[in-house]
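Structural description and commentary
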Amino acid sequence: MKHLLIAFFLFLNFASSCQSDGGDNKEETSGDEKVTYTVSNEVFTNPERGFMHTWQVNSEGSAMTAASLNNLKKENVSLILRLYYLEKFKTSALSQTQLDLIKTDFTRLRESGLKCVLRFAYTDAQDGTDASVAVISGHLDQLKPILEENKDVIAFVQAGFVGAWGEWYYTTNQLTTPANKKLILDKLLATFPKEIKIQVRTPKIKQDFVATTTAMDATVGYGTTNTARLGFHNDCFMASVDDYGTYVNVTAEKTYVSNEALFVPTGGETCPPTDVPIASCSIAEKEMTLLKWTYLNLDYYGPVLQEWRNNNCFTDFERKLGYRLALASSSVTKQALVNGTLALNAIVNNTGFAPVYNPKNAYLILRSTANGTVYKKKLDFDVRKVVPRVSFNLKESVSLSSIPAGTYELLLKIEDSSSKLSERPDYCIRFANTGVWESTTGFNKLSQTVIIK
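Residues numbered from 1 in each chain as written. Predicted model: local features only at pLDDT ≥ 70, side-chain atom pairs only at ≥ 80, totals over all residues. Heavy atoms only, no water.

**Brief notes about the packing of aromatic side chains**
Geometry of an aromatic ring pair is reported as the spacing of the ring centres plus the angle between the planes. Within the structure shown, the criterion is met by 16 aromatic pairs. On the numbers, 5.5 Å between centres and 20° between planes, the contact of Y84 with F120 is stacked. Residue Y84 is located in strand β4 (residues 79-85), and its partner F120 is located in strand β5 (residues 115-121); the two are separated by 36 residues in the primary sequence. Note on accessibility: Y84 and F120 belong to one class, buried. (Phe/Tyr/Trp six-rings, centres within 6.5 Å; stacked < 30°, edge-to-face > 60°. Helix = DSSP H or I, 4+ residues; strand = E, 2+ residues; numbered from the N terminus. Buried < 20%, exposed > 50% of the residue type's maximum accessible area, 1.4 Å probe, protein only.)

**Thoughts on the state of the cysteines**
Overall, the coordinates contain two disulfides when judged by the stated rule. One disulfide bridge connects C236 with C271, the sulfur atoms lying 2.1 Å from each other. Because the sign of the S-S torsion sets the handedness, a value of about -45° for the bond joining C236 and C271 places this disulfide among the left-handed ones. Linking C236 in strand β8 (residues 230-237) with C271 in the loop between β9 (266-270) and α10 (281-291), this pair joins segments that are 35 residues apart in sequence. Through a disulfide, C281 is tied to C313; the S-S separation comes to 2.0 Å. Across the S-S bond of C281 and C313 the torsion is about -80°, and the bridge reads as left-handed. Highlighted residues: C281 in helix α10 and C313 in the loop between α11 (302-310) and α12 (314-320), separated in sequence by 32 residues. Judged by relative accessible area, which is 17%, C281 ranks as buried. (Disulfide = S-S within 2.5 Å.)

**As for the environment of F314**
Residue placement: F314 occurs in helix α12. The sequence separation of F314 and N46 amounts to 268 residues, and the corresponding C-alpha distance is 17 Å. Here F314 is in contact with F51, L298, L305, W308 and R309, once residues within four sequence places are set aside. (Contact = heavy atoms within 4.5 Å.)

**Thoughts on the pairing of β4**
Of all the seven residues making up β4, seven are buried; the element is thus mostly covered by neighbouring parts of the structure. When strand β3 (residues 50-57) meets β4, the two strands line up parallel, connected through five bridges. Its bridge partner being in β4, V57 is matched across the sheet by Y84. One crossover worth recording links β3 to the parallel β4 by way of helix α2 (residues 66-71), and it is right-handed. Across seven bridges, the pairing between β4 and β5 is parallel. Within the sheet, the bridge partner assigned to Y84 lies in β5 and is F120. (Pairing = 2+ DSSP bridges. Right-handed = clockwise from strand over helix to strand, strands pointing away.)

**Things to note about the side chain of K181**
Within the fold, K181 resides in helix α5 (residues 178-191). Buried charge without a partner: K181 forms no salt bridge, and the closest opposite charge is D208, 4.4 Å away. Setting aside anything within four residues of it in sequence, one finds K181 in contact with W168, L175, T176 and D208. (Lys, Arg positive; Asp, Glu negative; His and termini not counted. Salt bridge = Lys/Arg side-chain N within 4 Å of Asp/Glu carboxyl O.)

**Topic: the pattern of salt bridges**
For the structure shown, the criterion picks out 30 salt bridges. E60 is the salt-bridge partner of K88, the closest N and O atoms lying 3.0 Å from each other. Highlighted residues: K88 in the loop between β4 and α3 (96-112) and E60 in the loop between β3 and α2, separated in sequence by 28 residues. Overall, E60 belongs to the partly exposed group, its relative accessible area being 30%. E167 is the salt-bridge partner of R119, the closest N and O atoms lying 3.8 Å from each other. Here the residue R119 occupies a position in strand β5, and E167 occupies one in the loop between β6 (154-158) and α5, the gap between them amounting to 48 residues. With respect to burial, R119 and E167 carry one shared label: buried.

**Considering the sheet that holds β4**
Around the barrel, eight strands lie side by side as β3-β4-β5-β6-β7-β8-β9-β10; this closed barrel has parallel pairing. In this sheet, neighbouring strand axes are inclined to one another by 30° on average, regardless of whether the strands run parallel or antiparallel. Note: β6 against strand β7 (residues 198-200), two bridges, orientation parallel. Each bridged residue has a counterpart across the sheet, and for V157 the counterpart in β7 is I198. Across the face of the sheet, α11 comes into contact with β3, β9 and β10 (293-297) while running at roughly 115° to β10. (Axes fitted to C-alpha atoms, helices over the stretch in contact; angles between N-to-C directions.)

Laid out in structure tokens, this is it:
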């Protein structure tokens, strides 16, 4: 009897160590099948996050070319800052040529599978001039229909318009008075579609606008109120004690941004450091973790980026900027009845600096192993809630209505909320696991099957 028990336990140990074809561990428990997944260290592209290039263009200049946009894929870049200088129109309406330039850019972004961070400005010089509130308002009225039509390829907007580089300083039209800042922000929020988040240059600008220094919570953060739409961009990141005036009360305002950045994006660029050493790998890691950085300019400031390359952390930052989602495990019902339900339980981790900020649609995909027919079942899963360093339990009961009997492999798809982009794999979220991504479909394979009887 003793020998029989030993043999039995050896068999159980062997069975639990077996692996699926994809290299993911499978384990059967209580009629469900559990799969554990291997995390990948590969650098790859995902929408609305990561290192980006800044491409600026003067009034009535040249549109982006398809070739230049397609070349970005070789760098794993999915995002560019498109900065339009409107220096010809400081006292007049935008020309049709200017409006056509912007329309063309948006079309080419969409064709290339990319998105932009958008900014407008009137001058790139500290001693340059900007436009009046009335002119800015008129320009936004002209832009509104274009922005609505192309909101699908606008990842985020930097408030812009005010002062040199649109950075809300050096104004020649008193645009930074409390009254004028409010007028401009109100107009920006009214002009851009409510789905789009607008980044202001300092935390104090938002605090003054919303009349509180208390960070929002989830009851506000996942909505579309003005508070829930205002994020931050820092264009002198880690460049001085207060980042060239980005902060007034440094510690308190960084804590505020850190808490807000669960719901609204932070991003920007570095600067030549003043009275502080160049940002080391460890300092940059700490700051980007705290402030939940989602994108960073590749074109400035070069010596800071080179410091990271020289010390072998640049590639790590390529992985961590923004979100980086990975499956830890999943378990599903092995068998189900026609028109019944399937129990899905998955653990998802985010090893990036930031969450996903824009709403996505999530689907469980059932694909017939017999003929490849695909059925999509909408999930309640809100990917924005997979925050860094907290395991998320994706647990849902999925209706199998309208799916015929058969055997189906299971996949997960997180697609863009825009119907224009939803079927484009470039705009789907890829999980950081080995052997799960299908580049042709935008699906992530769960290495699970279900038999519907």
